[in-house]
Amino acid sequence: MVSEERPSAQELAELVPKAANRLRPYILRTPLLFSPPLSKETSAHVYLKLENEQVSGSVKARGAFNRAVLMAAEGVKTVYVASSGNLALAAAIAFSTLGLKGKVVIPTNTDEDKKRRLKEESILLVEHGTDFVHAETFAIKQAQEAQEGYLSPTSDYQVMAGQGTTALEILEDLPQVDAVFVTVGGGALISGMAAYIKTHRPSCKVVGCSPFNSRVMHNLVHEGHTFNLEMQDTLSDATAGGVIKDAVTVPMCQEFVDQWVLVDEEQIAEAICYCLKEHKKVIEGAAGVALAAFRKVSAAYVGKNVAVVICGANISMANVHILVNNNDKTKYINEQKS
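For the structure given in this document, a descriptive report is provided here. (Residues numbered from 1 in each chain as written. Predicted model: local features only at pLDDT ≥ 70, side-chain atom pairs only at ≥ 80, totals over all residues. Heavy atoms only, no water.)

This paragraph deals with the packing of aromatic side chains. In this structure the tally under the stated criterion is four aromatic pairs. Where Phe181 meets Phe294, the ring centres are 5.3 Å apart and the plane angle is 75°; that geometry is what we call edge-to-face. Placement of the pair is Phe181 in strand β7 (residues 179-183) and Phe294 in helix α12 (residues 285-297), with a sequence separation of 113 residues. As far as the burial class goes, Phe181 and Phe294 line up, both buried. Both rings, one in Phe181 and one in Tyr301, keep their centres 5.4 Å apart while their planes meet at 75°; by these two values the pair is edge-to-face. A residue pair is termed long-range when its members are at least 10 positions apart, and Phe181 in strand β7 and Tyr301 in the loop between α12 and β10 (305-310) qualify at 120 residues. (Phe/Tyr/Trp six-rings, centres within 6.5 Å; stacked < 30°, edge-to-face > 60°. Helix = DSSP H or I, 4+ residues; strand = E, 2+ residues; numbered from the N terminus. Buried < 20%, exposed > 50% of the residue type's maximum accessible area, 1.4 Å probe, protein only.)

Glancing now at the environment of Leu174. Within the secondary structure, Leu174 sits in the loop between α7 (157-173) and β7. In the structure, Leu174 is positioned 127 residues away from Tyr47 in sequence and 9.0 Å away in space, judged by C-alpha atoms. If near-sequence neighbours (up to four positions away) are discounted, Leu174 is found in contact with Leu32, Tyr47 and Asn305. (Contact = heavy atoms within 4.5 Å.)

What follows covers the sheet that holds strand β4 (residues 101-106). Here four strands make up an open sheet; going across it, the order is β5-β4-β3-β6 and the pairing parallel. What marks the edges here is a single partner per strand, and that holds for β5 (123-127) and β6 (149-151). With direction set aside, neighbouring strand axes in the sheet form an average angle of 20°. Strand direction decides the pairing type here: strand β3 (residues 78-82) and β6, joined by three bridges, are parallel. Following the sheet pairing, Val81 is matched in β6 by Leu151. (Pairing = 2+ DSSP bridges. Axes fitted to C-alpha atoms, helices over the stretch in contact; angles between N-to-C directions.)

See the structure below:
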């Protein structure tokens, strides 16, 4: 049972197997793929957790379905959610599957391809603000005024537990894993994963990976604020933007994440192209962040068993074309703005 206060790692970890059972009818158990080229390049034993092949195209389906199933069982009829794209897509599918009415709020600058996909779903789509914090603040207010449900990306332990099932599967497939690299936006994925890992394999390092251009959680953990942080465009649009005040993921990241790595836009672009070239896998910018972060610090993991979470595949084909043909971060970002 989770206490009313922030749960311990043990308490949150206990929710993860229950979430796994709850999710089984709705999501995929994704492969943990051994990567010969990465292993040869880095002299580590490297595995890719392919959440790019997950329902909705991202790991966010795990948290969205876990909370949505519980809400449906509680008799909730309408649910608000705020997202920069991936959680919105996952929630839309979960709401439709479970017969819930969804009201999804996204920032106005959300990737156009994700907007198109969301408009194809049976939800009410609202665009508000130019940052995730703006969108979430608005969504929370709307849900409170309407007295309807709200699915929180950063302050819901059942969402974290759903995301934590990624770690459960990694430990089942690779019990001797030494390090797991996870991209961090609002922190729900790494919080749920870290709680489970630290409970079941404390020696395993949990590495938080962020784009330098949008290093919000990194700064919150290291400096306690983001006052002087100027956020810029990033290939990792799924993790871009702020973190809402009092998000419970912040102290969890402070406590459970062992190492933080920042990567630049060129490194992210190279990682996306690398995964397509070497593994024939289309991955989004956020997934490229974790892969780029591992490649950046791989010298510290020689001989180790390393899992890299490839968190999603939701990148437009137009942007894939730009990257493959130019491998130019500047042109990519300019294309995003146009």
